[in-house]
Structures are given as structure tokens and as C-alpha cells.
Amino acid sequence: MNLRPLADRVIVKRLENETKTASGIVIPDNAAEKPDQGEVLAVGPGKRNDKGELSALTVKVGDRVLFGKYSGQTVKMNGEELLVMKEDDLFAVVEK
């Protein structure tokens, strides 16, 4: 089963944070914060403006994005935890 986001929504998979600090201390899973970076897995067709015209999203599949700690709605698909959120909830695209 696949998810196809509607309107200006995107589906993001969280990227795992480092579990070790720079000095070598291992952070246990229950003390680690949720990562605030993810990879865009799917994007909706866009949002309609007042004239009814479709405005395409600026992010695309495969983009690495930053988002807020409590952004989006968590869903589980095939044992994976994914986030469904509006494009407005994204802060930035991480460029390499």
C-alpha cells in the first residue's frame, strides 16, 4: 500500500540522529530527541489559489528537509513511521 498526499501535503521519513556525542558518549534511545530532519518520500499536486490555479510545491521527492519537533501527523505504514505535513510546516531544504 502506498500513500499519495493530497493538496500541499508532503510525506517525510525522519532521518536518524547520531546516538553518540562528539566526545564519544553514547545517548540512550529514551533520552534522545526526535530528529528534526527527514527525507521527502512523496509530494501532493499543490495548493489552489483564489483563482483556482494550481500552485506546485517547491520541495520534491528525495529532498532533505528541516521541520519542527512537533510538526506533522505520524502514521505507520509497513512498519515504518512516517510524517504527513503541509509544506508550510517545513523550515528549509538542506543542500549539500
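What you are looking at is a predicted structure, and each value in this text was computed from that prediction instead of being measured.

Thresholds, definitions, all that
Residues numbered from 1 in each chain as written. Predicted model: local features only at pLDDT ≥ 70, side-chain atom pairs only at ≥ 80, totals over all residues. Heavy atoms only, no water. Salt bridge = Lys/Arg side-chain N within 4 Å of Asp/Glu carboxyl O. Helix = DSSP H or I, 4+ residues; strand = E, 2+ residues; numbered from the N terminus. Buried < 20%, exposed > 50% of the residue type's maximum accessible area, 1.4 Å probe, protein only.

1. Concerning the pattern of salt bridges
For step 1, the next point in the chain: Applying the stated criterion across every chain yields a total of two salt bridges.
For step 2, the next point in the chain: A salt bridge links K13 to E80; the shortest N-O distance between them is 2.8 Å. Taken together, the positions of K13 in strand β1 (residues 9-14) and E80 in strand β7 (residues 80-86) put the pair 67 residues apart, joining distant regions of the chain.
For step 3, the next point in the chain: Here K13 falls in the partly exposed class, since its relative accessible area comes to 34%.
For step 4, the next point in the chain: Where D63 meets K60, a salt bridge forms, and the shortest distance between an N and an O atom there is 3.2 Å.
For step 5, the next point in the chain: The exposure class assigned to D63 is buried, which follows from its relative accessible area of 11%.
For step 6, the next point in the chain: Owing to a relative accessible area of 53%, K60 belongs among the exposed residues under this scheme.

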